[in-house]
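Notes for the structure review
Residues per chain are reported as follows:
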Amino acid sequence: MFIINGFNGTFMLLLAVFIGFLMGFWAIFHNRSEKTARIAVTLLYAAVFAFFWVYKYWISIDEAYSVITAENGEGAFSWWRELPLQLCNINLILIPIAVITKNKPLSAFAFFMAPFGAILAMLMPSAGFAGFSLFVPRVFGFYVTHMFVLIGSPMLALFGFYKPKFRDIPITLVSAFAITIVIFGINMLLRVTHTFDEANYFYCVEALNGTPLTWLWKLIPVPLLYMLPLFPVLAGYMALVCLPFELIGAKAESRFRLAEK
């Protein structure tokens, strides 16, 4: 019952619920002061991050999950694997920080990278999260946290906290590459010290089995470097996202100039 896979009926139903939540949350707070709206969004994502650790606790006591990961060559459960160092987890942290500090580079990074990472994660979930009932605790925690990451981007736009611009693309790409290098370094440190020999946050050490990343790995079988072709794809995605905002902005500016004449 309610078996979930990428874009099946259960997935689309859950997505509809979160779109409804987003619109309801916006309806409640968009007419309030900007300060109130920023506090509301910040508290919401602080609560989601707290739930993130509840979800990780569920994983820690899920014996079936340990068996699944071990059979998939990832080893049994380890807290070292569950640190908030994946792209979605990082965005879960950055969204409230960007909102409350009004930091534009952080807002740009969260706006572009949050949905990118969340969609990839839900379409290419690690072993143990697809093909199971949504109401298995670990599965529920996985999809709920990732759905909140997904709606973080439109939430930033709906409340006017961030307006995407073409000029923000280069710094976001540089930031994404820099963070990837840092995460790769953490992976290597965990592996070299044998703290966690399977460390593979961002999947930048090696490709996740059964995903399109394996195609890149076959093309460039070198840790970290095999991910470089993703960055032109990422740039194109960001440009497409910016395009309607830029067009709307240009039309609004044109109308304003005509009104002044």
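Right above here is the structure, for reference.
The following paragraphs examine the structure supplied in this document. (Residues numbered from 1 in each chain as written. Predicted model: local features only at pLDDT ≥ 70, side-chain atom pairs only at ≥ 80, totals over all residues. Heavy atoms only, no water.)

**Side note on the side chain of asparagine 89**
Along the chain, asparagine 89 falls in helix H4 (residues 87–101). Excluding residues within four positions of it along the chain, asparagine 89 makes contact with Phe52, Leu83 and Pro84. (Helix = DSSP H or I, 4+ residues; strand = E, 2+ residues; numbered from the N terminus. Contact = heavy atoms within 4.5 Å.)

**Quick word on the packing of aromatic side chains**
Tallied over the entire structure, the rule returns 26 aromatic pairs. Seen in terms of ring centroids, phenylalanine 77 and tryptophan 79 are 5.2 Å apart; in terms of plane orientation they differ by 85°. Their pairing is edge-to-face. Judged by its relative accessible area of 19%, phenylalanine 77 is buried. Overall, the relative accessible area of 39% leaves tryptophan 79 in the partly exposed class. Centroid distance phenylalanine 111 to phenylalanine 112: 5.2 Å. Interplanar angle 90°. Geometry classified as edge-to-face. Here phenylalanine 111 falls in the buried class, since its relative accessible area comes to 4%. Take phenylalanine 112: its relative accessible area is 0%, and that puts it in the buried class. Against the face of phenylalanine 132 rests arginine 138, its NZ or CZ located 4.6 Å from the ring centre. (Phe/Tyr/Trp six-rings, centres within 6.5 Å; stacked < 30°, edge-to-face > 60°. Buried < 20%, exposed > 50% of the residue type's maximum accessible area, 1.4 Å probe, protein only. Lys NZ or Arg CZ within 6 Å of the ring centre and 35° of its normal.)

**As for the layout of surface pockets**
In this structure, the largest pocket spans a volume of roughly 1100 Å³. Taken together, 50 residues make up the lining of the largest pocket; nearest its centre are Gln86, Asn200, Phe202, Tyr203 and Leu208. When residues of the lining of the largest pocket are assigned to their parent elements, the largest contribution, six residues, is made by helix H5 (residues 104–123). For the lining of the largest pocket, the class distribution of residues is 31 nonpolar, 12 polar and seven charged. (1 Å grid on protein atoms, 1.4 Å probe; cavity = no way out; pocket = protein on both sides within 12 Å on 5 of 7 lines; lining within 4 Å. Points joined across faces, edges and corners; volume = space filled by probe spheres on them. Nonpolar A, V, L, I, M, F, W, Y, C, P; charged D, E, K, R; others polar.)

**Comments concerning the nonpolar core**
Core analysis: the largest hydrophobic core is formed by 76 residues, its most contacted members being Tyr45, Tyr143 and Met155. Sequence-distant contacts of tyrosine 143, that is, excluding residues within four places in its chain, are made with Ile4, Phe11, Leu14, Met122, Pro125, Phe129, Ala130 and Leu134. (Core = buried A, V, L, I, M, F, W, Y, C linked by side-chain atoms within 4.5 Å.)

**Brief notes about the pattern of salt bridges**
Here the structure, examined in full by the defined rule, presents five salt bridges. Across the pair arginine 38 and glutamate 34 runs a salt bridge, and its minimum N-O distance is 2.7 Å. Here the residue arginine 38 and the residue glutamate 34 both occupy positions in helix H2 (residues 34–60), the gap between them amounting to four residues, near one helical turn. Take glutamate 34: its relative accessible area is 43%, and that puts it in the partly exposed class. Between lysine 56 and glutamate 82 there is a salt bridge whose closest N-O contact spans 2.7 Å. (Salt bridge = Lys/Arg side-chain N within 4 Å of Asp/Glu carboxyl O.)

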